[in-house]
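Summary of the model geometry
Residues per chain, in single letters:
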Amino acid sequence: GQNLLYLNSAARLPEIVTEIVHLQIMNIQKKPGNGMRQFRSGDPMDEKESNRTWECLRHAIHQIHQHNASSLSFEELYRNAYNLVLHKYGELLYNGVQGVVADHLKGVAQSCIECPDDRLLDELKKQWDDHKTTMVMIRDILMYMDRNFVTQYKKVPVYEMGLVIFREKVSGHPRVKSHLLTLLLDNITAERRGEQVDRILLKHTLNMLVELGVQGKNVYRECFEDPFLDHTRKFYQDESKQYISQNPCSDYLKKAEKRIREEKARVENYLHESTMEKIEELCDEEWISVHYKTLIHMENSGCAWMFQCDKIEDLERMYLLFSRVPISLKEIQKVMMDCMCEAGREVLNDPEKVKDPVSFITAILSLKQKFDRFVKESFKESKDFQLALKQAFESFLNKDTRTAQYLSLYVDDQFRKGLRGMSNDADVDAALEQVVTVFRFLQDKDVFENFYKQHLARRLLTGRSVSDEAERSMISKLKSECGHQYTSKLEGMFQDMKLSEDIMKQYKNSFASPSLARGMAPRTGTTPAMSSSIDLKVSVLTSGFWPGPPGSPCELPPEVQDCCSRFETFYLAKHTGRKLYWQPQHGLADIKAQMPKTKHELNVTTYQMCILMLFNQQTTWTYQDLAVRTNIPLEELKRHLMSLYVNPKAKILVKLGDSEKKEPEESDQFTVNPQFESKLVRIKVPLVQLKSSETPAAGREGESGAVGSSDVPATVEEDRKHLVEAVVVRVMKSRKTLEHNQLVMEVTRHLTSRFQPSPTLIKQRIEKLIEREYLERSQGDRRVYNYLA
C-alpha cells in the first residue's frame, strides 16, 4: 500500500516558496540501482547506519543551498530525519545541521564583505531572502526533530537557529555590520537633504534586523536604532543651532514642524514602529526644549511680537509644537499675560481714554476680543490659556475702582444711544454680553452696582433708555452672575416705575382737566396732578430701592405746589399709613419761555424751573435773594444757576457786573438775557459739572463723560462694613467657635462675589462686633472667637 504524508508549511511561515506551500509526499520504494537503500523504521540503527543517514541529509541540505531542491525526495529526507531522532541520534542530526548551515553562511558573509558598498544592501537582500527560503525547507524536513528532540532538550528551533547563525556569521560580521550601518545612515542623511532614496530596500534591510532579534537579542536596536538616534541627535543639534541663529522665530517653527513631520513619515515608511516614540522625543528635545525660551523671547519675531502683530497662524503653530513639551506652554502663557497687562496699562494711563469712559471701556473690550481670538484660534480654547487670560484681565482691571465706574458709564451710554442703531435682539444681547464679560473680571462688583443704580435711576426717571426690554435683560445677566440679592434693588426700581404708571392712570381718571407741562419726581409714590396749565407727572419711589440720600425740599412755584398738594391728597387717601417726601433734585420740567427776541420751550431741572419762574415776578435777582426765595441747597443752587448763564448755547440768564469769576457770589445780580437767540424751538439746558462734585456719575446725561475718583465711594465703604459684619455673624452663628484666620478665610469666600475684603477691614469689623457683644475672645486662646447668642 501507499502511505501519504501531508506537510502544510504555509500554516507556519507565510514566506515559504510555492513549491512547498502544500507538499504531498508519497512513500514510494526507490528503484534498485539508485545507490540508496530504504531504511525501515522497525530495523535497529547502529552508529554506522546513523552516519550514513546523516551524510544523506547533509548532502540534501547542501543541494538545497545550491538551489537544487527539485531533485530531492522530501518524503525520504523527512523519513531519514525521523529515524535518526527516533533512534536517539537527535544530537548528531541537530549539531550536524547547525554546522552545515554555519559553513554555508561563512561563504555568504565573504560574498557580502567583497561586495561594493553601493551593492551591499541589494546583496544582503538577496542573501537574506535566499536564507529564509532554504531554512523553511530545512525546517520542514526536520519537523519531527523540532517537535520532539528540540522541545525535550530545550534547544533552539531549527528556523530560529538559522536566524541566530545568520546574525553571527553575516549581519554581525564586523566588516558587514559597520558597512551596513554606514550605508543606512548615509541614505537617511541623503533623504534629509532632499535626495531620493530606495525606501523599499531600506525597509527590507531594517525588517531583516528586526527578524534577527530572536532569543532575547534586539538586533534592530543594537545594530541600528541606538546609532541612528545618536546620529540624528547630533544632526539636529547642529541644524537647530544654525537655523535659530539665522532665521526669525516663525521660520524656525516652520522648519521644526517640517522636520518632525519628516521623521514621523520616515518611521511610517521604513523604520520600525518602536522607533516612533524615541525619535519624536528626540526631535521635541532638540528642536523645542533646548530653544523654546530663546524662541519665545526672540526680539522682533518672538511671542510678544506675534501678539502685538496679531500673528494668529504663527501662534497656533507655536502652540501645537510647544504642546509636545508642556512646560514650554507656561512660558507662552506668561508672555501672553505680560502683553495683556502692558496693553491694559496703556489703556489705563492713556489721558485721552481716561477722559472718556466710553472710549476707555471700548478699548478694554477690543483688547479682550483680540486675546479671546488668540485663545480660541491659536490656543484651541485651552483651559490653561483661558485661565491665564482671566488672571491677566483681573490683574490690570482691578488696579483701582475706576474700571467699575467707567463700565457703568459705558452701559449708561449704550442704553441711552449706543443700542439705538442695533437692528435685532441678537446684536443687543451680544453687546450686553460683552459688558458682562468685563463685569466678571471686576472684584469691586459692589462699586459697579453703586454707580449702575445711579445711572439706571436717572434713565428711568427721565425716560431716556432706548429699551426697557434691554434694561431687564441686563439685570437678568447681572442676576445670573451675582445672585438675586445683587439685583433685588434694581428690580425694585423697575417695579416702582410700573406701579407709578398705574397710579398716574388712576389719578388722571379722577380729574377731568387736561395737562400741559411735566414736573418732578417724589420718593415713595407715583402721582400725576393736574391744574389748568400744568401737567404733573409723579414717580413714587420706594426709599430702600433708589440710590442717594433724601433731598431737601425747596420752595416750588405756587401753581406747581398746588398740583403737588392735590396729588399728595389723592395718594394718601388711597394708601393710608404712608408718607411722601418730595425729591425735587430728581425732577425735570418743560417750561414755555417768551424771550426778548424769540419763543422757546426749555427743558430744565426742577431747581432751574424754580429759579426761572421767579423772573416772572421781577427782572433782576441777587444770588442771595434767589437762595432765600427758592430754599435750594447752596451747592445745588450754584450748579443749577451757573448752567443757566455759563453755557453759550443755553445762556438764558446773564450775570450783571464786572466780576470775571464764573461762580456766583452773594452780591451778584442776574437778569434774563436780552440778547438770547437760538434757531431751536426746544432747548435742553445741560448741567455743568463743578470741580468739587464727588459723584459725577449721579449727574445728568450731559456729564456722562466726567471722570470720578478712583477711590471707593463713601456709601460703598459704609455698605461694605455692614456686609462684613453680617457675614461674620452668619458664619459664627453656624460654626459657634472659630480661629481668626479661618474666620477671615470664610468671610472672604462669602464676599468674593461682591468685592475682595481686606483682612484689615475684616479684623476691624470683628473688633466692633466684640464691642457690641456679638462675639467674644476665647479665654484659652485669644485668636479664637466664640459666638454669643
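1. Focus: the pattern of salt bridges
Enumeration according to the criterion identifies 61 salt bridges in this entry. Between Glu 239 and Arg 259 there is a salt bridge, and its shortest N-O distance comes to 2.7 Å. In this pair, Glu 239 is assigned in helix α9 (residues 219-246) and Arg 259 in helix α10 (residues 249-269), connecting sequence segments 20 residues apart. You can call Glu 239 buried: its relative accessible area is 15%. With relative accessibility at 3%, the residue Arg 259 sits in the buried group. For Lys 597, the salt bridge goes to Glu 677, with nearest N and O atoms at 3.8 Å. Taken together, the positions of Lys 597 in the loop between β5 (588-594) and β6 (599-605) and Glu 677 in the loop between β9 (669-672) and β10 (682-684) put the pair 80 residues apart, joining distant regions of the chain. Through salt bridges with shared partners, a single ionic network connects Glu 191, Arg 192, Arg 199, Glu 263 and Arg 266.

2. With respect to the sheet that holds β6
Taken together, three strands build an open sheet; the order of strands is β5-β6-β10 and the sheet is mixed. The sheet is open, and its two borders are formed by β5 and β10, each paired with just one other strand. Sheet twist, expressed as the mean angle between neighbouring strand axes with direction ignored, is 25°. Taken together, the seven bridges between β5 and β6 define a ladder with antiparallel strand orientation. Bridge pairing in β6 places Asp 590 opposite Asn 603.

3. Considering helix α26 (residues 623-630)
The α-helix winds at 3.6 residues per turn, so residues separated by three or four positions along the chain end up facing the same way. By the burial criterion, the buried members of α26 are Tyr 623, Leu 626, Ala 627 and Thr 630. Angular distribution of buried residues about the axis of α26 spans 100°; they occupy a single face of the element. Looking at the buried residues of α26, the elements they touch are α25 (606-614), β7 (620-622), α27 (634-645) and β9. At the C-terminal side of α26, Asn 631 shows a positive phi close to 60°.

4. A closer look at the packing of aromatic side chains
For the structure on display, the rule yields 28 aromatic pairs. Judged by centre distance (5.3 Å) and plane angle (70°), the ring pair of Phe 235 and Tyr 236 falls under edge-to-face. By relative accessible area, Phe 235 is classed as partly exposed at 21%. Judged by centre distance (6.1 Å) and plane angle (70°), the rings of Phe 567 and Trp 582 are edge-to-face. In this pair, Phe 567 is assigned in helix α24 (residues 558-574) and Trp 582 in strand β4 (residues 581-583), connecting sequence segments 15 residues apart. In terms of burial, Phe 567 and Trp 582 fall into one category: buried. Three or more aromatic residues link up through ring pairs in this structure, and these residues are Phe 307, Tyr 319, Phe 371, Phe 374, Phe 379 and Phe 385. The ring of Phe 439 carries the charged tip of Lys 445 above its face, separated from the ring centre by 5.4 Å. Residue placement shows Arg 459 over the ring face of Tyr 452; its charged tip is 5.6 Å from the ring centre.

Rules and cut-offs
Residues numbered from 1 in each chain as written. Predicted model: local features only at pLDDT ≥ 70, side-chain atom pairs only at ≥ 80, totals over all residues. Heavy atoms only, no water. Salt bridge = Lys/Arg side-chain N within 4 Å of Asp/Glu carboxyl O. Helix = DSSP H or I, 4+ residues; strand = E, 2+ residues; numbered from the N terminus. Buried < 20%, exposed > 50% of the residue type's maximum accessible area, 1.4 Å probe, protein only. Pairing = 2+ DSSP bridges. Axes fitted to C-alpha atoms, helices over the stretch in contact; angles between N-to-C directions. Arc of directions from axis to C-beta. Contact = heavy atoms within 4.5 Å. Phe/Tyr/Trp six-rings, centres within 6.5 Å; stacked < 30°, edge-to-face > 60°. Lys NZ or Arg CZ within 6 Å of the ring centre and 35° of its normal.

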